Amino acid sequence: MDFRTLVPGAAGPGRVAADALLLLVAGPSLPEGLDPALQAAVAGALKLGDLECKPGRQLMLRGVAGFKAPRVLVVMLGEPGADGRIAAKAQRQAAQAALQTLKALDVAELAVQVAGTVPTPALARTLALCALEATYQYRLTKPSAAAPAKLARLSLLAADKTEAAALQAALDEGAGIGEGIALARELGNRPGNHCTPSDLADEARALGRQGAKAGLKVDVLERKQIEALGMGSFLAVARGSEEPPRFIVLDYKGGARGEAPLVLVGKGITFDSGGISIKPAGEMDEMKFDMCGAASVLGTFRALLALKPRLNVVGLIPACENLPDGRALKPGDVVTSLSGTTIEVLNTDAEGRLILCDALTYAARYKPRAVVDIATLTGACVIALGAVRSGLFSADDGLAAELLAAGEAAQDLAWRMPLDDDYDEGLKSNFADVANVAGRAAGSVTAAKFLQRFARDLRWAHLDIAGTAWKGGAAKGSTGRPVGLLVQWLLGQQAEQAAAPRPAARTARATGKASAAKRGA
Ligand code: BES
Ligand code: MN
Ligand code: ZN
């Protein structure tokens, strides 16, 4: 899709040739300078009560006098808040509602005008992102699915060249993030037999080829190499499957040489049957989505290739299937992780933490600035937070605040969950250093506590996306979350890094002191 800006000048939006003009209107009163014919139509609808000044409410007009575009879709942004701005949520609601309506119509060229408030870069970004989101269509194993929407060009009207330049940068940013989200959705949606660990590795390699010039290098470790490293916990999960495991390493070097990287770790279980602790049959198909953490890492790297931030970012993806067979991991088995910690596997369905712990240990070798793992980790997180917010776990208040704020700005929300040491009790084992499950209580927290043992020396956060990565039911499909949150956070890190570069080792020590002080308090 083509995103551009347009300065209509004195001629006004009426002269803009397009299949539809989208007019985004901030209330409560109609802005001055609106075309008189439009003004009358919108004011009339508001007066009749057919249109309310709430985000996403809309009015479709056809054949408005003086307008070249045959359709004018009026969509309300709602009222600005106390700070005079339209909230991120309202912007998202309006853009989403508009694009949903437009994608069903024969609209290839869309012009967008913002009235009553300045078209901010944030709104431009949201528009581009929502346009890509609305036009995504899964087709790989259903070629008969409706053809992708026709929308081919979005032109955002700007007052002058300076404004146009700022908006164009924002549109490009939104498009880059939108492409990343689309890749995460596509990979998530692919059935288990079309998205094996090797397939994920191929996707990563394809990204590596596309990004070679931008500074991306992709390495795929195969079973022999994973064995040589000593990832006994990850390999134990992979044992029950004929599909060989893969450990995927993406290394993006957009920042200064030697600058400590940010590391993203994605759970890549391409199908989770539960293993010997097998899951009930109902909805087991949805466990093809158990690689959505990995998909979000790949999607984020796709966005990085489009946005080329001055940052060093590493992606780590342990990928395998969790299946039961004669060689499969059994309840009671004890495995030795890469860190040397022994783990008693009481439940083979708690496999995500078993592959992530080795990846977290591996992450330490990068001396990272921060590590964020992303995983469809627990059904308990779905019970706690549903499909609205991802679970965020971190002992580092600063990192937690950054990620929450990024989620808010990108409208890809998260909610902080606790990590008190008291939650560790249930993970004790008589036969190993740690057990892989505790009781049913606080299941998402005890899972995070398990991971935390392997992230002691890291500035670390964990995102449990079990409830947010995909939708079930009639709208079954991957959401692409939390690519929006992750990219927003990374872009913010770029700004922060430019302002105050700090070596990784110092950060880790400072963090340890801070949390020790807090525990003592
Ligand atoms: N992939 C699942 C988590 C999951 C379940 C996500 C349902 C979304 C919906 C994970 O591997 C798992 O099976 N977790 C178990 C852990 C339990 C055995 C402690 C769970 O949540 O039931
Ligand atoms: Mn499982
Ligand atoms: Zn799983």
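This structure is a prediction, so every number in the text was calculated from the model and none was measured.

With respect to the overall build of the protein
Working step 1: When helices and strands are counted, the protein shows 14 helices and 20 strands.
Working step 2: C-alpha extents for the protein along the principal axes are approximately 80 × 50 × 45 Å.
Working step 3: Counting only contacts in the protein whose residues sit at least 6 apart along the sequence, the fraction spanning at least 24 positions is 77%.

Notes on the sheet that holds strand β17 (residues 434-435)
Working step 1: With mixed pairing, the three strands of this open sheet are ordered in space as β12-β13-β17. Edge positions in the sheet fall to β12 (334-336) and β17, since each has one partner strand and no second.
Working step 2: Here β12 pairs with strand β13 (residues 342-344) via three bridges, running antiparallel. Pairing of V334 across the sheet is with E344, part of β13.

Digging into the UniProt feature "binding site: Mn(2+) 1" (unreviewed entry) in the protein
Working step 1: Mapped onto this structure's residue numbering, the UniProt feature "binding site: Mn(2+) 1" (unreviewed entry) falls at D272, D349 and E351. Their sequence span is 80 residues, while the largest C-alpha to C-alpha distance among them is just 8.4 Å; these annotated residues converge on one region.
Working step 2: Within the secondary structure, D349 sits in the loop between β13 and α9 (352-363).
Working step 3: Apart from the residues lying within four places of it in its own chain, the contact partners of D349 are D272, G274, S277, K279 and N322.
Working step 4: Excluding its chain neighbours within four sequence positions, the residues that come into contact with E351 are V237, K267, I269, D272, D290 and N322.
Working step 5: At a separation of 3.1 Å, a polar atom in the side chain of E351 contacts the side chain of K267.

Topic: the site of ligand 1
Working step 1: With respect to spatial proximity, 16 residues lie near ligand 1, and among them K279, D290, D349, E351 and G379 are the closest.
Working step 2: Residue D272 places a side-chain N or O atom 2.9 Å away from an oxygen atom belonging to ligand 1.
Working step 3: With respect to ligand 1, the backbone of L377 contributes an N or O atom lying 3.5 Å from a nitrogen atom.
Working step 4: When isolated, ligand 1 has an accessible area of 510 Å², and the protein chains bury 76% of it.
Working step 5: By residue class, the composition of the shell around ligand 1 is five nonpolar, four polar and seven charged.

The rules behind each value
- Residues numbered from 1 in each chain as written.
- Chains lettered and ligands numbered in written order.
- Predicted model: local features only at pLDDT ≥ 70, side-chain atom pairs only at ≥ 80, totals over all residues.
- Heavy atoms only, no water.
- Helix = DSSP H or I, 4+ residues; strand = E, 2+ residues; numbered from the N terminus.
- Contact = heavy atoms within 4.5 Å.
- Pairing = 2+ DSSP bridges.
- UniProt positions renumbered as here; feature names shortened; annotations may be inferred.
- Polar contact = N/O pair within 3.5 Å; in protein donor to acceptor, adjacent residues only side chain to side chain.
- Near = heavy atom within 4 Å.
- Areas by Shrake-Rupley, 256 points an atom, 1.4 Å probe, with all protein chains shown as cover.
- Nonpolar A, V, L, I, M, F, W, Y, C, P; charged D, E, K, R; others polar.

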